Amino acid sequence: MTTPDQLRTLPATNSPIVETDIPARLDRLPWGRFHTLVVLALGITWILDGLEVTLAGTVAGALKASPVLRFSNADVGLAGSAYLTGAVLGALFFGWLTDRLGRKKLFFITLTVYLLATAATAFSWNLSSFLLFRFITGAGIGGEYAAINSTIQELVPARVRGWTDLAINGSFWVGAALGALAAIVLLDPAVIDPEHGWRAAFLIGALLALIVFFMRLWLPESPRWLMTHGRAAEAEAVVAGIEARLRAEGHAIADTPLSRVRLRTRSHTPLGDVFRTLVHVHRTRTFVALTLMAAQAFFYNAIFFTYALVLTDFFGIASNQVGWYLLPFAAGNFLGPLLLGRLFDTLGRRTMIALTYGVSGVLLALSGYLFAIGVLSAQTQTIAWMVIFFFASPAASAAYLTVSETFPLEVRALAIALFYAIGTGIGGVAGPALFGALIDTGSRNSVFAGYLFGSALMVVAAVVAWRYAIAAERKSLESVARPLAFVE
């Protein structure tokens, strides 16, 4: 146990200087029940996102057939873009607040926004109301990305940070599978009127969010955030409490001296410091982050938001059967990060990011060509997507991992939000609308052109990662990106 004199506040001219071994203590912790609960309580955000995105895709046919809404393919694509636009703006606003107010406050606020908005979606009465509620739902999920990614990065030991982050992001596809199964039942006319079924589908998300709200009540604030905001005693109490819990479970934690850092506390980080950090101090890392985020956002969102339209319009699959085709697709996406994730901690970030981006880009181009010449059936198209996204899923998750671990603690949440916003704005918001329009043409060649563009983005990102990505595997966050408050 660390004694009070091991963590002390030293006098300084402007603001107190904290000397602490908290980062090293967090990184040396054995994996225990505490870490598992953190993963469950925070990682479920991705399950909710997967549920939301999947429902939006699988209910596309019901929205088009709805006697109230009567959506066109372009309207379905527009709804996807509205959700992503909300996610972009929500990430920026809530990400800024996360670095100022703390991780814990924000992941309750953003969850509440999501809960209320997705419930409201179920009562949409026209296109405008549906777009508004999807926008607000996206804002809640976008804010979650910043608050949750930064919290997980700061609580998980360095030696398993890569695999844990990828596995958690991959849980998006557990939500996708749940959404697909829910859609199969709720869109079956023999079970429920589809007009009521699609509305009930969105209420499922609100119910899950309510459960998650109570799961998060026991979670602590990030000790790393506390120590830089002049709340050293609270940070010490949190870490000591975690260590005590792990010892009570039977884990041995050596009480030996660890490396210490000296930090000048601050109430917040001025936006000018954020700008200098991203544009001047770490401009190469900024370039890598933007490239990875934009490529995966276009690749993923363009395809996933419109996959149901491809199945219904080109392969003649009934809208209430689309969910069955999503299940193997979701399995590939979930198994990719789960099985390849540990290689990000052993073979390293640069190798695995370049490999997963490159392979998924090449495979998309190949399957797009087969789709264009008409040799794929609905079943073989689904198998092709399953294989592609086995590699694309860890690639997309690695983009978030890269951003959250390669920038200083004080700007981490805002950096996640900023790169998510820019990348999604460039690649994600335009993608679903563009592919919706391409599918509306009825031309396989037009859709293939869109696939080729997404493929090219992924290959370019692979080259950039191989050349410039940081070897952050198994290193403490403070050694990968020294805090702005660091004092020699």
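Refer to the structure presented above.
Conventions we followed
Residues numbered from 1 in each chain as written. Predicted model: local features only at pLDDT ≥ 70, side-chain atom pairs only at ≥ 80, totals over all residues. Heavy atoms only, no water. Helix = DSSP H or I, 4+ residues; strand = E, 2+ residues; numbered from the N terminus. Rg over C-alpha atoms; globule rule 2.2 N^0.38 Å. Buried < 20%, exposed > 50% of the residue type's maximum accessible area, 1.4 Å probe, protein only. Contact = heavy atoms within 4.5 Å. Areas by Shrake-Rupley, 256 points an atom, 1.4 Å probe, with all protein chains shown as cover. Lys, Arg positive; Asp, Glu negative; His and termini not counted. Charge placed at Lys NZ, Arg CZ, Asp CG, Glu CD. Patch = residues over 30% accessible without salt bridge, like charges linked within 9 Å, V, L, I, M, F, W, Y side chains within 5 Å. Salt bridge = Lys/Arg side-chain N within 4 Å of Asp/Glu carboxyl O. Phe/Tyr/Trp six-rings, centres within 6.5 Å; stacked < 30°, edge-to-face > 60°. Lys NZ or Arg CZ within 6 Å of the ring centre and 35° of its normal. Core = buried A, V, L, I, M, F, W, Y, C linked by side-chain atoms within 4.5 Å. Polar contact = N/O pair within 3.5 Å; in protein donor to acceptor, adjacent residues only side chain to side chain. Expected span 1.5 Å × (residues − 1).

Caption draft 1: Region of the structure containing the overall build of the chain. Of regular secondary structure, the chain possesses 21 helices and three strands. In terms of overall dimensions, the chain is globule-like: its C-alpha atoms have a radius of gyration of 23 Å, near the 23 Å expected for 488 residues. Seen along its three principal axes, the alpha-carbon backbone of the chain occupies a region of about 70 × 45 × 45 Å. The proportion of buried residues among the 488 residues of the chain is 62%. Of the contacts formed within the chain by residues at least 6 apart in sequence, a portion of 86% connects residues at least 24 apart. As presented, the chain carries roughly 17200 Å² of accessible surface, and 69% of it is formed by carbon and sulfur atoms. If the 35 positive side-chain charges of the chain are averaged to one point and the 29 negative ones to another, these points end up 5 Å apart.

Caption draft 2: Highlighting a nonpolar patch on the surface. On the surface, a nonpolar cluster with roughly 500 Å² of combined accessible area is contributed by Leu207, Leu210, Ile211, Phe214 and Leu217. With respect to the secondary-structure elements, leucine 207 resides in helix H9 (residues 194-215). Note on leucine 207: relative accessible area 53%, which makes it exposed.

Caption draft 3: How the structure looks around the packing of aromatic side chains. Per the counting criterion, the structure on display carries 21 aromatic pairs. A centroid spacing of 6.0 Å and a plane angle of 75° characterise the contact between phenylalanine 130 and phenylalanine 202, whose relative ring orientation is edge-to-face. In this pair, phenylalanine 130 is assigned in helix H6 (residues 127-155) and phenylalanine 202 in helix H9, connecting sequence segments 72 residues apart. The exposure class of phenylalanine 202 is buried, given its relative accessible area of 0%. Grouped by ring-pair contacts, the aromatic residues Phe172, Trp173, Phe299, Phe329, Trp385 and Phe389 constitute a single cluster. One cation-aromatic arrangement involves arginine 342 over tryptophan 163; the distance from NZ or CZ to the ring centre is 4.0 Å. The ring of tryptophan 466 carries the charged tip of arginine 350 above its face, separated from the ring centre by 4.7 Å.

Caption draft 4: Focus on the nonpolar core. Grouped together as the largest cluster of nonpolar side chains are 134 residues, with contacts concentrated most on Trp198, Leu311, Tyr357, Trp385, Phe389 and Tyr451. Of all the elements, helix H18 (residues 378-405) adds the most residues to this core, at twelve residues. Those residues in contact with tryptophan 198, other than ones at most four positions away along the chain, are Val59, Ala62, Leu63, Ser66, Leu69, Thr121, Ser124, Phe130, Leu186 and Leu187.

Caption draft 5: Geometry of the side chain of threonine 137. Take threonine 137: it is sitting in helix H6. At a separation of 2.8 Å, a polar atom in the side chain of threonine 137 contacts the main-chain carbonyl oxygen of phenylalanine 133.

Caption draft 6: Up close: helix H15 (residues 322-340). The end-to-end C-alpha separation of H15 is 28 Å, in line with the 27 Å expected for 19 residues at 1.5 Å each. Within H15, burial applies to Val322, Gly323, Tyr325, Leu326, Phe329, Ala330, Gly332, Asn333, Gly336, Pro337 and Leu340.

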